[in-house]
Amino acid sequence: AAKERRGRALRYRPELDERAAEDARLGAQLRAALDTGRLHPVYQPIVELPEGRTVAVETLMRWDHPDLGVVGPATFIPFAERSGLIVELGAWILRAACVQAARWRATLGEDAPRRISVNVSPRQLTEPGFTETVLATLAETGLPAPCLAIEVTETAVFTGGRALDALHELHRHGVRIALDDFGTGHSSLGLLQTVPVDILKVDKSFVDNIALAGRESVIASALIEVSRGMGLDAVAEGVETAEQADVLYRMGYRYAQGYFFGRPTADPVFTVAVPTAA
Ligand code: C2E
Ligand code: CA
Ligand code: CA
Ligand code: CA
């Protein structure tokens, strides 16, 4: 690291200082946001086809920024990941999600979503104590392990043995494992043999042009076969139209998520089913 610093000093690049300064600013803001309640979870329905009844929800983070308004995670998760702040943010949102899910179970009974998903970043997965954090959160909130799914990407799983060990241990305790953005990383299919997967989340890019039939729909179609053959649940992501929902249903998809069924909101309503064209 010392060598690197020297190299940097020799070739002075002002943009690096600027970036460091901006990262420090963002880090301070994000930390303050966590401490002052300006971060909050929103929940997007995952529905069963063809009726569109909500059977699960995915938890997504939002930042209510004093100047910028509500900021999406694409702008701050990568930074939080780089700086390590994601470990704290992740533990916080996991807890918020489990508290909420337990409350829904208590108040809605049969109408409560059966499962809540929480995104977990690579950095969290390799952090010592991650499985303990998850198990302690479940114990504290009283949420049964099978009611929680953690969504991980292929990249996260590739970060090494510790990530895989964590997934196996959580899975042994009954926590469900979802592979997120499936099909967009490297050697996706091979992963299915080593990772204890329950749910494949088929990436939006394979859903976008599905109604065109032809080449555009081949991958979505192949992935439902794979998940069936392996006994996994498949969730089609990013469904925006009735036509897409219809094509997916006829392909064999039983679960879907997307703006057509519901946008992420702080306070979703579970008893209203959105009819699909299927
Ligand atoms: P993701 O896990 O793939 O989440 C799905 C993203 O697609 C969400 O964006 C969601 O709002 C959006 N989406 C859902 N349906 C549709 C649709 O029909 N059309 C379109 N165009 N988009 C749709 P969001 O909330 O901005 O999150 C972006 C990414 O940030 C997430 O992608 C996830 O990777 C990450 N993220 C969000 N919350 C968390 C979190 O709490 N922890 C971690 N580690 N990552 C998070
Ligand atoms: Ca996700
Ligand atoms: Ca996804
Ligand atoms: Ca994504």
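None of these values were measured; they are calculated from a predicted model. (Residues numbered from 1 in each chain as written. Chains lettered and ligands numbered in written order. Predicted model: local features only at pLDDT ≥ 70, side-chain atom pairs only at ≥ 80, totals over all residues. Heavy atoms only, no water.)

**Describing helix 11 (residues 242–251)**
Residues that lie three or four places apart on an α-helix share one face, since the helix turns once every 3.6 residues.
Right, on to step 1. Buried within helix 11 are the following residues: Gln244, Ala245, Asp246, Val247, Leu248 and Met251.
Right, on to step 2. Residues of helix 11 that are buried in the fold lie against helix 10 (218–229) and strand 8 (233–236).
Right, on to step 3. Positive backbone phi, at 120°, marks Gly252, one or two positions downstream of helix 11. (Buried < 20%, exposed > 50% of the residue type's maximum accessible area, 1.4 Å probe, protein only. Helix = DSSP H or I, 4+ residues; strand = E, 2+ residues; numbered from the N terminus. Contact = heavy atoms within 4.5 Å.)

**Thoughts on the site of ligand 1**
Right, on to step 1. Taken together, 22 residues are adjacent to ligand 1, and Gln44, Arg62, Asp180, Glu240 and Tyr259 come closest.
Right, on to step 2. Here an oxygen atom of ligand 1 and a side-chain polar atom of Glu58 are 3.2 Å apart.
Right, on to step 3. The side chain of Arg62 places a nitrogen or oxygen atom 2.9 Å from an oxygen atom of ligand 1.
Right, on to step 4. For ligand 1, whose unbound accessible area comes to 800 Å², protein coverage reaches 79%.
Right, on to step 5. Mapped onto the shell around ligand 1, the elements with two or more residues apiece are strand 2 (53–65), helix 3 (73–83), helix 4 (86–108) and strand 6 (176–182).
Right, on to step 6. It is strand 2 that contributes the most residues to the shell around ligand 1, four residues altogether.
Right, on to step 7. In terms of residue class, the shell around ligand 1 is built from nine nonpolar, six polar and seven charged. (Near = heavy atom within 4 Å. Polar contact = N/O pair within 3.5 Å; in protein donor to acceptor, adjacent residues only side chain to side chain. Areas by Shrake-Rupley, 256 points an atom, 1.4 Å probe, with all protein chains shown as cover. Nonpolar A, V, L, I, M, F, W, Y, C, P; charged D, E, K, R; others polar.)

**Points about the side chain of Thr54**
Right, on to step 1. Mapped onto the fold, Thr54 is located in strand 2.
Right, on to step 2. Setting aside chain neighbours within four positions, we find Thr54 in contact with Pro45, Ile46, Val47 and Phe270.

**Let's talk about the coordination of the calcium ion (ligand 4)**
Right, on to step 1. Only Asp181 (OD) and Asp181 (OD) from the protein coordinate the calcium ion (ligand 4), and they sit 2.8 to 2.9 Å from it.
Right, on to step 2. Here the calcium ion (ligand 3) and the calcium ion (ligand 4) are spaced 3.7 Å from one another, each receiving a donor from Asp181.
Right, on to step 3. When you line up the elements, Asp181 lands in strand 6. (Donors = N, O, S within 2.8 Å, 3.2 Å for Na, K, Ca; no water.)

**Quick word on the environment of Trp104**
Right, on to step 1. Along the polypeptide, Trp104 turns up in helix 4.
Right, on to step 2. Sequence-wise, Trp104 and Phe270 are 166 residues apart; in three dimensions their C-alpha atoms are separated by 9.8 Å.
Right, on to step 3. Setting aside residues up to four positions removed in sequence, Trp104 forms contacts with Tyr43, Val57, Gly109, Ala112, Pro113, Ile116, Pro268 and Phe270.

**Re the coordination of the calcium ion (ligand 2)**
Around a metal, the perfect tetrahedron of four donors has angles of 109.5 degrees, and the perfect octahedron of six donors has angles of 90 or 180 degrees.
Right, on to step 1. The calcium ion (ligand 2) binds to the protein through Glu58 (OE), Asn119 (OD1), Glu151 (OE) and Asp180 (OD), with metal-donor distances spanning 2.2 to 2.4 Å.
Right, on to step 2. Sequence spacing of the donors to the calcium ion (ligand 2): E-x60-N-x31-E-x28-D.
Right, on to step 3. Separating the calcium ion (ligand 2) from the calcium ion (ligand 3) is a gap of 3.9 Å, which Asp180 spans by donating to each of them. Of this pair, Asn119 sits in strand 4 (residues 115–119) while Asp180 sits in strand 6, placing them 61 residues apart in sequence.

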